[in-house]
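Spelled out from the first residue to the last, the chains are:
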Amino acid sequence: MQRTLIKDANARTEPLDAILLQGWVRTRRDAKAFSFIELNDGSTLKGIQVVADATLPDYAHIQKAHTGASIEVRGKLVPSQGQGQKWEVVAASFTILGEADATYPLQKKGHTLEFLREIAHLRPRSNLFGAVFRVRSRLAFAVHQFFQAKHFCYVHTPIVTASDAEGAGDMFRVTTLDVGKPPRDEHGEVDSTKDFFGKKTFLTVSGQLEAEIFATALSNVYTFGPTFRAENSNTSRHAAEFWMIEPEMAFCDLYGDMELAEEFVKYLIRDAKEHCAADLEFFSKFVDKELMARLDFVLDKKFVRCSYTEAVEILTQSGKAWEHPVAWGSNLQAEHERFLTEEHFKCPVTLYNYPRAIKAFYMRKTDGCAPDRQTVAAMDLLVPGIGEIIGGSQREERLTELREGMALHHLDEKAYWWYLDLRRYGTVPHAGFGLGFERMLMFVTGVSNIRDVIPFARTPGTADF
RNA sequence: UGCCCGGUAGCUCAGUGGCAGAGCAGGUGACUGUUAAUCACUUGGUCGCUGGUUCGAUCCCAGCCCGGGCAGCCA
């Protein structure tokens, strides 16, 4: 007999004389003459109730069907006599496939997220993490749907890279050299020409520069893959390994970039609401009561666009006592961004045109900006509660200005010869952004720690499982 | 990396300078339909580690380890 997923069993409109279910016991409630078993197979949040009568041949074994055990049940799907569920399964036979004794750490009681993090091999069996990872899977699919429908080409950019100054942060070194006894050159320095790739290599911090190569050939492209930052960040919004989505569009300026970013965020929220309704309901009940209101709010509102210079004026005139001073030319701090999105505009905000000196070398110098207030076509999309969820820019497509930017950031042109070639041969205006997939998940689920929306979190000092 | 908070039973937590506590989980029994079932009884401890103060430290002090929050870096 073919197995029925509990998701499908729950959704039936007609009873079934014969059904086979397989899953894990969430809880068992015994009475004198029968037991109730709540069975879950991860296909959906809500489990199914199995009724096991004491007259079953193996009924004595049911005492071993503790929380966590894997079992197989054959029986009938019938309307439930009890409250709280439409269907239940009256068992004709059951088999315990794998027992779980009293040491099984997950209880039917609530656990703290901190405890569950320590048992990352078992936490997907909890309601919360089952829901989180179903939403994660759905949204990953939605990312592809969004771009494929727009005829963007999916590009697999390399994980191992030799450019050591992409400018997005500290990098993890990749080497096969014996770190205890590395080969050394005549100056006593580690000789990287003896390394696997014949040069220093690292894990990627961004696929953007390679995505630009493909955008200047296939027009509209996107990447979606793991990204690594070796920063010693200990916050609820940072991980050393995370997934990022980076679209890159040829013949596109900053405004087209902001347009796409805003549409993309709304699309993902709408998709989760449509396809993960039960899981989102769970989050809004147990994780964040304001969740639904906030998601609807973002869907309904048109995102505010505000230039960096305007933002500085708003912050200066707010009369607030800032912990970090506000001054044109310095970075906006978390408290400033929070004020703008949560208090001043009360709305998602796209900030754009940042001072050139505090942004990356590849961002396009704004036409006609004052010499003492040079800006670049950068943008950050801020949402209430999380802060920055997207960072992007129009890229500098003019060779002279790009070289100027590299000089400003003290970069060696030789290392970027191919990047400069893109400006030498058929250059076009182009733009793109990066969306932190986990940050998007945090926003959609209301889960407030990035470690809880990624299956196995890598953070400073932690790389278990 | 800096500042702040925490570490007591499998889990969530209370507590005290003088024999270590509760709820849940586990075990035993009861219960004719439960929904984190209920009721009774019950097993269970390196009080994070090391050192110091003290007649005596889980408690006070120092260092270390681990976890969390906030900030910076960013997505």
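Residues numbered from 1 in each chain as written. Chains lettered and ligands numbered in written order. Predicted model: local features only at pLDDT ≥ 70, side-chain atom pairs only at ≥ 80, totals over all residues. Heavy atoms only, no water.

### A few points about the overall build of chain A
- Scanning chain A from N- to C-terminus turns up 12 helices and 16 strands.
- Projected onto its principal axes, the C-alpha coordinates of chain A cover approximately 85 × 60 × 45 Å.
- Taken across its 465 residues, chain A has 48% of its residues classed as buried.
- Taking as baseline every contact in chain A between residues at least 6 positions apart, the subset at least 24 positions apart corresponds to 68%.
- Carbon and sulfur atoms form 53% of the exposed surface of chain A, whose accessible area is close to 22,700 Å². (Helix = DSSP H or I, 4+ residues; strand = E, 2+ residues; numbered from the N terminus. Buried < 20%, exposed > 50% of the residue type's maximum accessible area, 1.4 Å probe, protein only. Contact = heavy atoms within 4.5 Å. Areas by Shrake-Rupley, 256 points an atom, 1.4 Å probe, with all protein chains shown as cover.)

### Considering the packing of aromatic side chains
- Evaluated as defined, the whole model comprises 24 aromatic pairs.
- The side chain of Lys 359 reaches across the aromatic face of Tyr 354, ending 4.2 Å from its centre. (Phe/Tyr/Trp six-rings, centres within 6.5 Å; stacked < 30°, edge-to-face > 60°. Lys NZ or Arg CZ within 6 Å of the ring centre and 35° of its normal.)

### Some points on the side chain of Arg 356
- Within the secondary structure, Arg 356 sits in the loop between strand 13 (349-355) and strand 14 (375-383).
- Polar contacts involving the side chain of Arg 356 include one to the side chain of Gln 374, which spans 2.9 Å.
- In contact with Arg 356, other than residues within four places in its own chain, are Lys 365, Gln 374, Thr 375, Val 376, Glu 401, Glu 404, Gly 405, Leu 408 and His 409. (Polar contact = N/O pair within 3.5 Å; in protein donor to acceptor, adjacent residues only side chain to side chain.)

### What to know about the sheet that holds strand 5 (residues 87-98)
- The strand order around the closed barrel formed by five strands is 1-2-3-5-4, and the pairing between neighbours is mixed. Strand-to-strand twist across the sheet, computed as the mean angle between neighbouring axes with direction ignored, equals 55 degrees. (Pairing = 2+ DSSP bridges. Axes fitted to C-alpha atoms, helices over the stretch in contact; angles between N-to-C directions.)

### Regarding the protein's contact with RNA strand B
- Near RNA strand B, the surroundings consist of 51 residues, among which Gln 83, Glu 88, Lys 109, His 238 and Arg 439 are the closest.
- Backbone atoms, meaning sugar and phosphate, form 51% of the atoms of RNA strand B found within 4 Å of the protein.
- At 3.3 Å, a backbone N or O of Asp 30 approaches a base nitrogen of RNA strand B.
- Gln 81 places a polar side-chain atom, nitrogen or oxygen, 2.7 Å from a base oxygen of RNA strand B.
- Breaking the surface near RNA strand B down by element, the ones donating at least two residues are strand 1 (16-30), strand 2 (34-40), helix 2 (113-118), strand 11 (241-250), helix 9 (334-344), strand 15 (387-395) and strand 16 (430-436).
- Residue contributions to the surface near RNA strand B peak at four residues, all from strand 15.
- For the surface near RNA strand B, a count of residues per class yields 12 nonpolar, 24 polar and 15 charged. (Near = heavy atom within 4 Å. Nonpolar A, V, L, I, M, F, W, Y, C, P; charged D, E, K, R; others polar.)

### Considering a nonpolar patch on the surface
- A surface patch of nonpolar side chains, amounting to about 380 Å² of accessible area, comprises Ile 159, Val 160, Phe 196 and Phe 197.
- Turning to its location among the elements, Phe 197 is positioned in the loop between strand 8 (173-174) and strand 9 (201-203).
- On the accessibility criterion, Phe 197 (45% relative accessible area) is partly exposed. (Patch = residues over 30% accessible without salt bridge, like charges linked within 9 Å, V, L, I, M, F, W, Y side chains within 5 Å. Salt bridge = Lys/Arg side-chain N within 4 Å of Asp/Glu carboxyl O.)

### Considering the pattern of salt bridges
- Counted according to the given criterion, the structure contains 28 salt bridges.
- Between Arg 423 and Glu 212 there is a salt bridge, and its shortest N-O distance comes to 2.8 Å. Of the two residues, Arg 423 sits in helix 11 (residues 417-424) while Glu 212 sits in helix 4 (residues 208-218), which places them 211 residues apart along the sequence. As far as burial versus exposure is concerned, Arg 423 and Glu 212 are alike and both buried.
- Here Glu 262 makes a salt bridge to Arg 305, at a shortest N to O gap of 2.9 Å. Here Glu 262 is found in helix 5 (residues 254-275), whereas its partner Arg 305 is found in strand 12 (residues 304-307), with 43 residues between them in sequence.
- Taking relative accessible area as the criterion, Glu 262 reaches 8% and is therefore assigned buried.

### Brief notes about the confidence of the model for chain A
- In the predicted model, chain A carries a mean pLDDT of 92, and 99% of its residues have values of at least 70.
- Among the prediction metrics, the complex's ipTM stands at 0.89, with pTM recorded as 0.94. (pLDDT = per-residue confidence, 0-100.)

### Looking at the sheet that holds strand 15
- Overall, mixed pairing links the eight strands, which are arranged 6-10-11-16-15-14-13-12 in an open sheet. With one partner strand each, in any of the chains shown, strand 6 (153-154) and strand 12 form the two edges of the open sheet.
- The strands touched by helix 5 are strand 11, strand 12, strand 13, strand 14, strand 15 and strand 16; relative to strand 14, the strand with the most contacts, the crossing angle is about 15 degrees.
- Lying over the sheet, helix 12 (residues 437-445) contacts strand 10 (220-228), strand 11, strand 14, strand 15 and strand 16, oriented at roughly 60 degrees with respect to strand 16.

### A short note on the packing of helix 4 against helix 11
- Remark: helix 4 packs on helix 11, axes separated minimally by 11 Å, with the N-to-C direction vectors making an angle of 30 degrees. Comparing the axis directions of helix 4 and helix 11 gives the class roughly parallel. Here helix 4 and helix 11 pass one another in a crossing that is left-handed. Touching Gln 208, Leu 209, Glu 212, Ile 213 and Thr 216 of helix 4 are Trp 418, Tyr 419, Leu 422 and Arg 423, all from helix 11. (Parallel < 35°, antiparallel > 145°, perpendicular 65-115°, else oblique. Left-handed = near helix turned anticlockwise from the far one by under 90°.)

### Focus on the packing of helix 10 (residues 399-408) against helix 11
- Between helix 10 and helix 11, the shortest axis-to-axis distance is 9 Å and the interhelical angle comes to 155 degrees. Put simply, helix 10 runs roughly antiparallel to helix 11. Contacts between helix 10 and helix 11 involve Leu 399, Leu 402, Arg 403 and Met 406 on the former and, on the latter, Tyr 419, Leu 420, Arg 423 and Arg 424.
- In terms of residue class, the contact of helix 10 with helix 11 is built from five nonpolar, no polar and three charged.

### Topic: the pairing of strand 5
- Pairing of strand 3 (residues 48-53) with strand 5 involves three bridges; the strand directions are parallel. By the bridge assignment for strand 5, Gln 49 is matched with Glu 88.
- As judged from the 10 bridges shared by strand 4 (residues 70-79) and strand 5, these two strands associate in the antiparallel manner. Among the inter-strand pairings, Gly 75 is bridged to a residue of strand 5, identified as Ala 91.

### Details of the pairing of strand 16
- Most of strand 16 sits inside the fold, with seven of its seven residues counted as buried.
- Neither face of strand 16 is exposed, since His 430, Gly 432, Gly 434 and Gly 436 on one face and Ala 431, Phe 433 and Leu 435 on the opposite face are all buried.
- Relative to strand 16, strand 11 runs antiparallel, the two being bridged by five bridges. When the bridges of strand 16 are listed, Glu 248 appears paired with Gly 432.
- Pairing geometry for strand 15 and strand 16, over six bridges, is antiparallel. Within strand 16, the residue paired with Gln 394 across the bridge is Ala 431.

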